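# What the coordinates show
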Amino acid sequence: MDNNSTTPVDPRVLDEMLPYFKEKFGNPSSHQHRYGWLAEDGVDMALERIGSLIECREEEFIFTSGATESTNLALRGLAYTYRNTGKKIITCLTEHAAVLEPIRELEQSGIPIQYLPVQSNGLLDLNQLEEALKKPTFLVCIMMANNETGVIQPIQEITQLAHEQGSLIFSDASQALGKIPVLVDNLGLDLMACSSHKLYGPKGVGGLYIRKGSPYIKIKPQITGGGQQNELRSGTMNVPGIVGFGKAAEISGQEMQGEYQKLKTWRDLMETSFLSLPLSYRNGTFENRLPHTLNLRFDFIKSEQLFQKIPHIALSTGSACNSANPEPSHVLLAMGLTEKQARSSIRISLGRMNTTGEIENAIKDIRLGLENLRNEDVFWLKSKAKELY
Ligand SMILES: *Cc1c(COP(=O)(O)O)cnc(C)c1O
């Protein structure tokens, strides 16, 4: 139940990948023989499938090693072009570390950055964005769906505001792609990062959408060498990974509607059950959120202790990248939770491979774990005693 940190590879994806480890092992840049052509065909097929999922042209998408590389390329690559203009980047406090860390480095190198806060429901305040855009801005960088809370930002409106003020817009869509419709033209995006392993594809492959035809989008490559992928990302392409990413994108597109309903039904079932417990709360907005993600706070509970009570259920505090890091979630703090409240919060993220039985057992076991923990807590027992007498 931690599918936002990664998903298992769909067996159909693996089947599609296997020939590209075996007979079709060629280098797609080898144009002189059949091995190269077959590998190139695999890459082209993946581009077509991803292009049809996000409605972009093949020349508008490049493959990387994952969303982290894509965000680094987009941010550092654009910042290089705009570094002497005095213009700023607007971003948001609840972004993923893959965005915040490169941005922090750009800030240290002298590029002005404005970090927008979020409201207590996790959504950006568009009036604040509008205000921020009054000062010269070259890039608005706002994620599509949050990995910890599932909150979906109003990207279409954000894009419109950014473009009205002559700013480009870049969105990290790692958690949204394959789960909800992500159509780059419809949303008006200039750049978009995504990752294969969040939608049942293999790890170590992702991509960056870059709108073609705008003179304002000039990206300095961060990896140079053989000049592959229009010189934007050198290095021999990860053909099996790319083929798997393409297949995963195709399946997600075909099955999105049914899967959305299935996951939402399970998520709502869990939410209803857990919110019926005393002193439990949802973190994040009710309406604009991913169907499979649930972030809950249980007062008098430390999430780490709950995980120890129910080690057979894979739960998380939020960002997988920070699991070794005992700091409370920066996303929840930005939404106004105290450190203690953030440490009392858990994320449940469901996925394609879960079963109804697993959902039912998880509800039962998590409730039991919570009850046991609270009964061990003197403060909880005291507060309950006060209620009773
Ligand atoms: C997982 C994730 C990333 C990082 O993706 P990788 O492919 O693992 O580098 C970036 N942003 C968000 C929102 C994510 O969920």
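Residue indices follow the written sequence of each chain, beginning from 1 at its first position. In view of the model being predicted, local features appear only for residues whose pLDDT reaches at least 70, and side-chain atom pairs are presented and counted only at 80 or more, with totals across whole chains, interfaces and linings using the full set of residues. Side-chain metrics rest on all non-hydrogen atoms present in the structure, leaving aside hydrogens and water.

### Description of the packing of aromatic side chains
In this analysis, rings of Phe, Tyr and Trp, with Trp reduced to its six-membered ring, are considered paired at centre separations within 6.5 Å, and the interplanar angle assigns stacked below 30 degrees, edge-to-face beyond 60, and tilted for intermediate values. Inspection of every chain in the model, using the stated rule, returns six aromatic pairs. Between F61 and F245 the ring centres are 6.3 Å apart and the planes differ by 55°, which places this aromatic pair in the tilted class. Here F245 lies in helix α8 (residues 239-275) and F61 lies in strand β1 (residues 61-64), a separation of 184 residues in the sequence. The pair F61 / F245 is uniform in exposure class, with both members buried. With centroids separated by 4.7 Å and ring planes inclined at 0°, the aromatic side chains of Y82 and F138 adopt a geometry described as stacked. Of the two residues, Y82 sits in helix α3 (residues 67-82) while F138 sits in strand β4 (residues 137-141), which places them 56 residues apart along the sequence. A cation sits over an aromatic face here: R83 above Y80, 3.9 Å from the ring centre. Over the face of the ring belonging to Y80 we find K220, whose NZ or CZ atom lies 4.5 Å from the ring centre. Secondary structure elements are defined from DSSP: runs of H or I of at least 4 residues count as helices, runs of E of at least 2 residues count as strands, and each element is numbered from the N terminus. Throughout, exposure labels follow a simple rule: accessible area from a 1.4 Å probe, protein chains only, divided by the maximum for the residue type, with under 20% read as buried, over 50% as exposed, and the rest as partly exposed. Sitting over a ring, as applied to charges here, requires NZ of Lys or CZ of Arg to be within 6 Å of the ring centre and within 35 degrees of the ring normal.

### Here's the deal with a nonpolar patch on the surface
What makes a patch is a set of residues exposed beyond 30% relative accessible area and free of salt bridges, joined within 9 Å when like-charged and within 5 Å when nonpolar (Val, Leu, Ile, Met, Phe, Trp, Tyr). In these tables, accessible area is a Shrake-Rupley quantity obtained with a 1.4 Å probe, and a residue counts as shielded only by the protein chains included in the view. For salt bridges, the criterion is a side-chain nitrogen of Lys or Arg within 4 Å of an Asp or Glu carboxyl oxygen. There is a patch of nonpolar side chains on the surface, built from L279, Y281, F300, V378 and F379 and spanning about 440 Å² of accessible area. Looking at the secondary structure, you find Y281 in strand β8 (residues 280-282).

### Looking at the site of the ligand
In the vicinity of the ligand there are 13 residues, among which T68, D172, Q175, S195 and K198 approach most closely. With respect to the ligand, the side chain of T68 contributes an N or O atom lying 2.6 Å from an oxygen atom. Under the rule applied, a polar contact is a pair of N or O atoms within 3.5 Å (in protein, one hydrogen donor and one hydrogen acceptor; residues adjacent in sequence only if both atoms are side-chain atoms). Within the side chain of Q175, an N or O atom sits 2.7 Å from an oxygen atom of the ligand. Three classes are used: nonpolar for Ala, Val, Leu, Ile, Met, Phe, Trp, Tyr, Cys and Pro, charged for Asp, Glu, Lys and Arg, and polar for all others, with Gly counted as polar. Tallied by class, residues from the shell around the ligand come to three nonpolar, eight polar and two charged. Only a single heavy atom is needed: when it lies within 4 Å of a molecule or strand, its residue is near that molecule or strand.

### Here's the deal with the sheet that holds strand β9 (residues 293-298)
Ordered in space as β8-β9-β10, the three strands form an open sheet in which the pairing is antiparallel. For this open sheet the edge positions go to β8 and β10 (345-349), each flanked by a neighbour on one side alone. Looking at each pair of strands side by side, their axes are set apart by 30° on average, direction ignored. One ladder, built from three bridges, connects β8 with β9; its direction is antiparallel. Paired with S280 across the two strands is F298, which belongs to β9. Being paired, for any two strands, means DSSP has found at least two bridges between them. Note on method: axes are straight lines fitted to C-alpha atoms, helices fitted across the in-contact stretch only, with angles between N-to-C directions ranging 0 to 180 degrees.

### Quick notes on the packing of α3 against helix α4 (residues 97-108)
Close contact between α3 and α4 brings their axes to 9 Å; oriented N to C, the two are set at 25°. Of the possible angle classes, the one that applies to α3 and α4 is roughly parallel. As α3 runs across α4, the sense of the crossing is right-handed. Mapping the contact onto sequence places T68, T71, N72, L75, R76 and A79 in α3 and A98, V99, P102, I103, E105 and L106 in α4. Broken down by class, the residue content of the contact of α3 with α4 amounts to seven nonpolar, three polar and two charged. Orientation categories follow fixed angle ranges, with anything under 35 degrees roughly parallel, anything over 145 roughly antiparallel, 65 to 115 roughly perpendicular, and all other angles oblique. Here is the rule for handedness: rotate from the far helix to the near one, and if that takes an anticlockwise turn smaller than a right angle the crossing is left-handed, while a clockwise turn gives right-handed. In what follows, a contact means two residues having at least one pair of non-hydrogen atoms within 4.5 Å.

### Regarding the domain arrangement of the chain
By a widely used convention, the size of an interface equals the accessible area lost when the partners come together. Assigned domains of the chain: these are domain 1 (11-251) and domain 2 (255-388). These domain boundaries are the output of an automatic or database domain assignment. Between the C-alpha centres of domain 1 and domain 2 the distance comes to 30 Å. The interface of domain 1 with domain 2 comprises 30 residues on the first partner and 28 residues on the second. With both sides pooled, the region where domain 1 packs onto domain 2 buries about 2,500 Å², and carbon together with sulfur makes up 59% of that total. Per-residue buried area on domain 1 facing domain 2 is highest for E148, T149 and Y200; these three make up 30% of the total on that side. Inspection of the domain 1/domain 2 interface yields one salt bridge. Ionic pairing is found between E255 and R12, a salt bridge with its closest N-O pair at 2.7 Å. Connecting domain 1 to domain 2 are 10 residue pairs in polar contact (both at pLDDT 80 or more). When its residues are assigned to classes, the side of domain 1 that touches domain 2 shows 14 nonpolar, 12 polar and four charged. Buried area is understood as the total, over both parts, of accessible area removed when two parts are fitted together, assessed with a 1.4 Å probe.

### A short note on the pattern of salt bridges
Where charged atoms from two side chains of opposite charge approach closely, those side chains can pair. In the structure shown here, the tally under the stated rule is 23 salt bridges. A salt bridge links E59 to R57; its shortest N-O distance comes to 3.3 Å. Assessed through its relative accessible area of 38%, E59 is described here as partly exposed. In this structure, D268 and K264 form a salt bridge, with 2.8 Å as the shortest nitrogen-oxygen distance. One end of the pair is D268 and the other is K264, both in helix α8 and four residues apart, which spans about a single turn. Here the salt bridges do not stand alone but share partners, grouping D10, R12, E255, E259 and R352 into one network.

### Describing the sheet that holds strand β3 (residues 113-116)
The seven strands lie next to each other as β1-β7-β6-β5-β4-β2-β3, forming an open sheet whose pairing is mixed. Taken across any chain shown, the strands that pair with only one partner, and hence form the sheet edges, are β1 and β3. Between one strand axis and the next, the sheet turns through 20° on average, direction left out of account. Of the pairings in the sheet, the one linking strand β6 (residues 191-195) to strand β7 (residues 206-210) comprises five bridges and is antiparallel in character.

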